[in-house]
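Spelled out, the chains give:
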Amino acid sequence: MGTALAFAQQPARFPVIPLTAGIHVIKAEVAANDAERQQGLMYRQKLGPNEGMVFLFEGPASICMWMKNTYIPLSVAFLDEGGKIINIEDMQPETTESHCAKKPARYALEMNLGWFKQKNIKPGAVVEGLPRQARN
């Protein structure tokens, strides 16, 4: 039974695409369906310096993220249909506090805590290379 539990908590891996934010290249895993979005970065122990996860939603919507079973402190940028950053929120590990987009968003991009600030990437900046189609 312990083996099944350990297997269930192994972090899933998702397809990886390159994104750009200014001069910075991001190696982003893509969560493009409900199951993948629910799993997100749960159970991960670390992310590389320019690694993250982009969550793709079917259309602009009120999006909120939380950190249940997520062990890495993260910053999340909410993006509109064109990839423009709406707002950026910092999230602490293993909390259930909701962090929400300030207006309807199409994407959420999670990076290590403080990544956007360290790179001087602020609301209004555009992230390029985002996927267009959600998977079923």
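Residues numbered from 1 in each chain as written. Predicted model: local features only at pLDDT ≥ 70, side-chain atom pairs only at ≥ 80, totals over all residues. Heavy atoms only, no water.

### Looking at the layout of surface pockets
Put simply, the largest pocket is a space of about 270 Å³. Lining the largest pocket we find 17 residues, and of these R37, Q38, F55, M65 and W66 sit closest to its centre. Here the element with the most residues in the lining of the largest pocket is helix α2 (residues 34-39); it accounts for four residues. Lining the second largest pocket, in full, are S75, I88, D90, G114, W115, F116, K117, N120, I121 and K122. Listed by contribution, the elements that provide at least two residues to the lining of the second largest pocket are β6 (85-91) and α3 (115-118). Among the elements that line the lining of the second largest pocket, the one with the most residues is α3, at three residues. The residue makeup of the lining of the second largest pocket, split by class, is four nonpolar, three polar and three charged. (1 Å grid on protein atoms, 1.4 Å probe; cavity = no way out; pocket = protein on both sides within 12 Å on 5 of 7 lines; lining within 4 Å. Points joined across faces, edges and corners; volume = space filled by probe spheres on them. Helix = DSSP H or I, 4+ residues; strand = E, 2+ residues; numbered from the N terminus. Nonpolar A, V, L, I, M, F, W, Y, C, P; charged D, E, K, R; others polar.)

### Quick notes on the pattern of salt bridges
Close approach of charged atoms lets side chains of opposite charge pair. On inspection of all chains with the given rule, the structure shows five salt bridges. K27 is paired through a salt bridge with E51; the nearest N and O atoms lie 4.0 Å apart. Taken together, the positions of K27 in strand β2 (residues 24-31) and E51 in strand β3 (residues 51-61) put the pair 24 residues apart, joining distant regions of the chain. Judged by relative accessible area, which is 48%, K27 ranks as partly exposed. For E51, a relative accessible area of 28% gives the class partly exposed. (Salt bridge = Lys/Arg side-chain N within 4 Å of Asp/Glu carboxyl O. Buried < 20%, exposed > 50% of the residue type's maximum accessible area, 1.4 Å probe, protein only.)

### With respect to the sheet that holds β2
Read across the sheet, seven strands follow the order β6-β5-β8-β3-β2-β1-β9 without closing on themselves; strand pairing throughout is mixed. Strands with a single pairing partner mark the edges of an open sheet, and in this sheet they are β6 and β9 (127-128). For strand β1 (residues 16-21) and β2, the ladder comprises six bridges, and the chain directions are antiparallel. Residue pairing in the sheet places T20 in a bridge with V25 of β2. (Pairing = 2+ DSSP bridges.)

### Things to note about the confidence of the model for the chain
When pLDDT is averaged along the chain, the result is 91, and 90% of the positions lie at 70 or above. Every residue in residues 1-7 is under pLDDT 50, and counting partners more than four places away or in other chains gives zero contacts. (pLDDT = per-residue confidence, 0-100. Contact = heavy atoms within 4.5 Å.)

### Some remarks on the state of the cysteines
In total, this model carries one disulfide according to the counting rule given. Put simply, C64 and C100 are joined by a disulfide, and their sulfur atoms are 1.9 Å apart. Residues C64 and C100 are joined through a disulfide that is right-handed, its torsion about the S-S bond being 105 degrees. Taken together, the positions of C64 in strand β4 (residues 64-65) and C100 in strand β7 (residues 99-100) put the pair 36 residues apart, joining distant regions of the chain. Judged by relative accessible area, which is 29%, C100 ranks as partly exposed. (Disulfide = S-S within 2.5 Å.)

### Focus on the environment of K117
By secondary structure assignment, the location of K117 is in helix α3. The exposed category is assigned to K117, whose relative accessible area is 74%. Counting along the chain gives 29 residues from K117 to I88, while the straight-line C-alpha distance between them is 9.3 Å.

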